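# Structure at a glance
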Amino acid sequence: MALSYLAIESFYWVSQLRSFNAAADRLHVTQPTVSYRIKELEDQLGVSLFLRQKRQLLLTSEGEALKPYAEAMIGIARDIEANIKSRNPRLPALRVGVMDSFASVCLPALLDELDNRFAGTRIAATIDNSHSLARQLSEGVLDIAVLSTPPAHENVALELLGRQKVAWVASSKAFARTELISEQDLLTQRIYSTPAPSNIHALTTSAFAGGGGAGLRLNICNSISAILNLVESGTGISILPVRLVEHQVQTGSLQILDTPSALPMQDVFIGTNKGAVVRALPQVEQMIRKVSIDRAFCG
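Cut-offs applied
- Residues numbered from 1 in each chain as written.
- Predicted model: local features only at pLDDT ≥ 70, side-chain atom pairs only at ≥ 80, totals over all residues.
- Heavy atoms only, no water.
- Helix = DSSP H or I, 4+ residues; strand = E, 2+ residues; numbered from the N terminus.
- Buried < 20%, exposed > 50% of the residue type's maximum accessible area, 1.4 Å probe, protein only.
- Contact = heavy atoms within 4.5 Å.
- Areas by Shrake-Rupley, 256 points an atom, 1.4 Å probe, with all protein chains shown as cover.
- Lys, Arg positive; Asp, Glu negative; His and termini not counted.
- Charge placed at Lys NZ, Arg CZ, Asp CG, Glu CD.
- pLDDT = per-residue confidence, 0-100.
- Pairing = 2+ DSSP bridges.
- Axes fitted to C-alpha atoms, helices over the stretch in contact; angles between N-to-C directions.
- Polar contact = N/O pair within 3.5 Å; in protein donor to acceptor, adjacent residues only side chain to side chain.
- Parallel < 35°, antiparallel > 145°, perpendicular 65-115°, else oblique.
- Nonpolar A, V, L, I, M, F, W, Y, C, P; charged D, E, K, R; others polar.
- Core = buried A, V, L, I, M, F, W, Y, C linked by side-chain atoms within 4.5 Å.
- Salt bridge = Lys/Arg side-chain N within 4 Å of Asp/Glu carboxyl O.

## Describing the overall build of the protein chain
What the protein chain contains, in helices and strands, is eleven helices and twelve strands. By the burial criterion, 45% of the 299 residues in the protein chain qualify as buried. Contacts spanning at least 24 positions in sequence make up 75% of the contacts within the protein chain whose residues lie at least 6 apart. As presented, the protein chain carries roughly 14700 Å² of accessible surface, and 52% of it is formed by carbon and sulfur atoms. Put simply, the protein chain has 28 plus and 28 minus side-chain charges, and the middle of one group is 3 Å from the middle of the other.

So, in structure tokens, the structure goes:
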């Protein structure tokens, strides 16, 4: 009997999520169905693929050996879908994740592009920090995402979109200084940041790694858009993407602070789950790149 693609796909998701129930939810089938497919695959191969140990589901050595083959098969299936059905404009659903700054600058244009190409498709957009988006990609909750300097996940493929400049930003009225701003000057201000382990949180805390961070007045907010409004109101300062505040800087409501050390550029990626079989992902990636260029999102 030929190997079943559904069994291979079930094996892939069980191996990634380490749970039969989670894999069943991801594949929209019942847990007994996943169990049957795995048992069928093990019988055909004549090996055990999983080992339960202290309430953990582990891969056997044979299971580890099968993983790259399963990933390759799913990739081939995705390519077949993309190339053979490329003339079909319909797509049942698409789950897109974007970081907050991309949402503010590019998401409306991206949704218009998707609507024009995939009329009638249900598009679910998730706006979150890059660490959370990477985790959701790994778990199969998202099909594709735009994220910055994400943590590594074995089953998430990343393609560089560009680089993003970030800087210390303050209200022009509340922080009316144009000369060089010292670390001690920054410490006198209320500083807004997204929660750890976000990139902005890491940049903010590492900026005072020399020991000056003891008096850091750090205020946590989970929305960059809300932080932008707070900074513009003059209640504090923050590290923010320069592209996000470009309009406010041009109109004079915000200013980029001149600090002794320039903040590192942030790499921005398009991420996909290696096991996701969505035929339109190559086209969606092209749309993301087009919108990013049109809106000058990456410097």
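## Here's the deal with the confidence of the model for the protein chain
This prediction gives the protein chain a mean pLDDT of 86; 91% of its residues lie at or above 70. Across the protein chain, element-level confidence peaks in strand β5 (residues 144-148) with a mean pLDDT of 95 and bottoms out in helix α4 (residues 61-84) with 80.

## A closer look at the sheet that holds strand β3 (residues 93-98)
Strand order in the open sheet formed by five strands is β4-β3-β5-β12-β6, and the pairing between neighbours is mixed. Across the chains shown, the open sheet's two edge strands, defined by having one partner strand only, are β4 (122-127) and β6 (156-164). Here the average twist between neighbouring strands, direction ignored, is 15°. Where β3 lies against β4, six bridges are found, and the strand directions are parallel. Residue pairing for β4: V98 is matched across the bridge by I127.

## Let's talk about the side chain of Q16
Mapped onto the elements, Q16 comes out in helix α1 (residues 5-17). A polar contact is formed between the side chain of Q16 and the side chain of N155, at a distance of 3.3 Å. Beyond its immediate sequence surroundings of up to four residues, Q16 is in contact with K67 and N155.

## Section: the environment of L94
Mapped onto the elements of the fold, L94 is located in strand β3. The sequence separation of L94 and A24 amounts to 70 residues, and the corresponding C-alpha distance is 19 Å. When sequence neighbours within four positions are dropped, the list of residues in contact with L94 reads L114, T121, R122, I123, A124, D143, V278, L281 and V284.

## A few points about the packing of α1 against helix α3 (residues 31-45)
Remark: α1 packs on α3, axes separated minimally by 9 Å, with the N-to-C direction vectors making an angle of 110°. Considering the angle they form, α1 stands roughly perpendicular to α3. Where α1 approaches α3, its residues L6, A7, I8, S10, F11 and V14 are matched on the opposing element by V34, R37, I38, E40 and L41. Within the contact of α1 with α3, the residues separate by chemical class into eight nonpolar, one polar and two charged.

## Considering the nonpolar core
Grouped burial of nonpolar side chains is what soluble globular proteins tend to show. In this structure, F102, L110, L161, V284, I288 and F297 are the most contacted members of the largest nonpolar core, which totals 46 residues. When residues of this core are traced back to their parent elements, those giving at least two are β3, α5 (100-117), α6 (130-138), β5, β6, α9 (224-232), β12 (266-273) and α11 (281-294). It is α5 that contributes the most residues to this core, seven residues altogether. Among residues more than four places away in sequence, those in contact with F297 are M99, S101, F102, V105, C106, Q164, R243, V268 and S292. Membership of the second largest hydrophobic core comes to 21 residues, among which are F11, Y12, V14 and L57.

## With respect to the pattern of salt bridges
Tallying each qualifying case throughout the model produces nine salt bridges. In this structure, the salt-bridge partner of E139 is R135, at a minimum N-O distance of 3.4 Å. One salt bridge in this structure joins D294 and K290, with 2.8 Å as the shortest N-O distance. Residue D294 and its partner K290 are located together in helix α11, separated by four residues, close to a single helical turn. Among the charged side chains, a salt-bridge network with shared partners connects E113, K290 and D294.

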